[in-house]
Amino acid sequence: MLSVTEVTVRYGSLTAVSDIDLAVADGEVVALLGPSGCGKSTLLRAIAGLEPPARGVVRWDDTDLAAVPVHRRGFGLVFQDGQLFPHRDVAGNVAFGLRMRHMPTADRRTRVAELLELVGLGGYEHRRVTELSGGEQQRVALARALAPRPRLLLLDEPLSALDRALREQLAMDLAGVLRVADATALVVTHDHDEAFTLADRVAVMRAGAVVQTGPPDEVWRRP
Ligand code: ADP
Ligand code: ADP
């Protein structure tokens with residue numbers, strides 16, 4: 001499991017998040033919910049290893065991750081705009097992490113096909129990513145992040161670049177994919193509905209602090 005203990009992150013003199021305690025159990029999907037600027041991305045980046053905490057510890061099980069670089073943490077990352085490799089086709093994007101791990105070509109093709117089915121893009125292997133819709137691009141980004149079977153998926157506003165109607169549909173699809181993949185995930189969002197569609201548990205943030213944690217319906221009742 002992921003555990004965050006008394007984590008503080010500063011940008012110069014600005015304390016972006018302060019004294020955060022948070023845990024994500026295996027198989028759990030937790031949403032970090034709060035208004036823009038409250039420190040959600042900063043906390044996610046600290047967990048990913050992209051932002052060193054000024055204080056506190058990020059652990060996976062009993063291992064302190066302070067000295068473990070981003071690509072060795074075994075986490076999968078999905079950001080707001082997907083950040084696909086524009087010069088690779090869909091299969092090339094999804095297979096990226098598998099190629100890095102030297103998975104044999106035949107296994108890689110099978111795994112890519114499986115993942116594309118999972119995210120609702122069966123048969124899209126040879127499409128150019130630049131010709132896909134925003135929603136399709138986010139599905140590719142999700143498939144790419146899931147490919148190496150990450151022990152934790154970190155999603156930073158994965159749907160917020162999309163329009164409202166599409167977001168609702170994709171939030172439900174994403175919830176289904178996370179369930180089928182039995183993923184452990186931490187999802188950053190400023191959108192209540194999205195948090196409640198996706199998460200087993202919601203951690204509410206305000207001004208750099210986690211102010212409330214609980215199942216979606218409990219958090220809903222205590223605004
Ligand atoms: P959220 O994800 O909830 O919108 P952020 O974590 O992005 O919030 O930002 C938290 C605070 O830290 C904000 O005041 C923001 O302006 C500041 N901040 C974020 N990134 C940086 C940075 N790279 N340098 C300086 N300040 C930053
Ligand atoms: P840098 O200053 O080199 O960008 P970072 O800590 O931001 O250092 O990232 C190190 C490298 O790891 C970057 O090339 C980044 O693109 C890459 N990276 C980021 N996330 C992941 C990931 N989930 N798996 C593998 N590599 C990643």
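Residues numbered from 1 in each chain as written. Chains lettered and ligands numbered in written order. Predicted model: local features only at pLDDT ≥ 70, side-chain atom pairs only at ≥ 80, totals over all residues. Heavy atoms only, no water.

As annotated in an unreviewed UniProt entry, the protein chain carries the name ABC-type quaternary amine transporter and is attributed to Actinophytocola oryzae.

1. Observations concerning the overall build of the protein chain
Selection criterion: Only DSSP runs of H or I reaching four residues or more are called helices, and only runs of E reaching two or more are called strands; each is numbered from the N terminus. Using C-alpha atoms as the atom set, the radius of gyration is obtained and then compared with a globule rule of 2.2 Å times the number of residues to the power 0.38. Residue exposure (1.4 Å probe, protein chains only): buried if accessible area is under 20% of the type maximum, exposed if over 50%, otherwise partly exposed. Contacts between residues were defined by any pair of non-hydrogen atoms, one from each residue, lying within 4.5 Å. Computed with a 1.4 Å probe, the accessible areas rest on the Shrake-Rupley method; for each residue, only the protein chains presented here act as cover.
Looking only at helices and strands, the protein chain has eight helices and ten strands in total. For 223 residues, the compact-globule estimate of 2.2 N^0.38 gives 17 Å, and the protein chain sits close to it at 17 Å. With the C-alpha coordinates of the protein chain rotated into their principal frame, the extents come out at 45 × 40 × 30 Å. Every one of the 223 residues in the protein chain was classed for burial, and the buried ones make up 48%. Here the analysis covers contacts within the protein chain between residues at least 6 apart in sequence; of these, 68% occur between residues at least 24 apart. A total of about 10,800 Å² of accessible surface is found on the protein chain, and carbon and sulfur atoms cover 50% of it.

2. Considerations on the site of ligand 1
Stated precisely, the cut-off is as follows: We define proximity as follows: a residue is near a molecule or strand when any one of its heavy atoms falls within 4 Å of that partner. In protein, a polar contact means a hydrogen-donor-capable atom and an acceptor-capable atom, both N or O and within 3.5 Å, with residues adjacent in sequence counting only if both atoms are side-chain atoms; elsewhere, any N or O pair within 3.5 Å suffices. Residue polarity follows a fixed list, in which Ala, Val, Leu, Ile, Met, Phe, Trp, Tyr, Cys and Pro are nonpolar, Asp, Glu, Lys and Arg are charged, and the others, Gly among them, are polar.
If you check the shell around ligand 1, you find Tyr 11, Leu 14, Ala 16, Pro 35, Ser 36, Gly 37, Cys 38, Gly 39, Lys 40, Ser 41 and Thr 42 and nothing else. Between an oxygen atom of ligand 1 and a main-chain N or O atom of Gly 37, the distance comes to 2.7 Å. Within the backbone of Ser 41, a nitrogen or oxygen atom sits 2.8 Å from an oxygen atom of ligand 1. For ligand 1, whose unbound accessible area comes to 560 Å², protein coverage reaches 57%. Those elements that place two or more of their residues in the shell around ligand 1 are strand S2 (14–24) and helix H1 (40–48). With three residues, the single largest contributor to the shell around ligand 1 is H1. Within the shell around ligand 1, the residues separate by chemical class into five nonpolar, five polar and one charged.

3. Side note on the nonpolar core
As a reminder, the rule being used: Nine residue types can take part in a nonpolar core, namely buried Ala, Val, Leu, Ile, Met, Phe, Trp, Tyr and Cys, and a core is a set of them joined through side-chain atoms within 4.5 Å.
Judged by nonpolar contacts, the single largest core of 33 residues is most densely connected at Val 90, Val 94, Leu 142 and Leu 153. Mapped onto this core, the elements with two or more residues apiece are helix H2 (90–94), helix H4 (105–118), helix H5 (134–146), strand S7 (152–156), helix H6 (164–180) and strand S8 (185–189). Broken down by element, the residue count for this core peaks at six residues, all from H5. Residues within four places of Val 94 in sequence aside, it is in contact with Val 112, Leu 115, Leu 116, Val 140, Ala 143, Arg 144 and Ala 147. In terms of nonpolar packing, the next biggest core, distinct from the first, is built from 26 residues, Leu 2, Leu 22, Leu 44 and Ala 203 among them.

4. Looking at the sheet that holds strand S4 (residues 55–60)
Selection criterion: Strand pairing is defined by DSSP finding a minimum of two bridges between the two strands. Fitting a line to C-alpha atoms yields each axis, with helices limited to the stretch in contact; the angle taken between N-to-C directions then spans 0 to 180 degrees.
As summarised here, the arrangement of the four strands in space is S2-S1-S4-S5, forming an open sheet in which the pairing is antiparallel. Each edge of the open sheet is held by one strand with a lone partner, namely S2 and strand S5 (63–64). Where S4 lies against S5, two bridges are found, and the strand directions are antiparallel. Paired with Trp 60 across the two strands is Thr 63, which belongs to S5. Contacts from H1 reach strand S1 (2–11), S2 and S4, with the element oriented near 115° to S1.

5. Some details on the site of ligand 2
Around ligand 2, a shell composed of Leu 50, Val 70, His 71, Phe 75 and Leu 77 is seen. When the free accessible area of ligand 2 is taken as 550 Å², the share hidden by the protein chains comes to 32%. Among the residues making up the shell around ligand 2, the classes are represented as four nonpolar, one polar and no charged.

6. Considerations on the packing of aromatic side chains
The geometry of two aromatic rings is summed up by the distance between their centres and the angle between their planes. Short version of the rule: The rule is short: rings of Phe, Tyr and Trp, with Trp giving its six-membered ring, pair when the centres are within 6.5 Å, and they are stacked under 30 degrees, edge-to-face over 60, tilted in between. Here, a charge over a ring means that NZ of Lys or CZ of Arg falls within 6 Å of the ring centre while also lying within 35 degrees of the ring normal.
Using the criterion set out here, one finds two aromatic pairs in the structure. Each ring, one from Phe 85 and one from Phe 96, has its centre 4.6 Å from the other, and the planes form 50°; the classification is tilted. One end of the pair, Phe 85, is in the loop between strand S6 (75–78) and H2; the other, Phe 96, is in helix H3 (residues 96–100), and eleven residues separate them in sequence. Exposure remark for Phe 85: the relative accessible area of 23% places this residue in the partly exposed category. Stacked on the ring of Phe 85, the Lys or Arg Arg 88 has its end atom at 5.6 Å from the ring centre.

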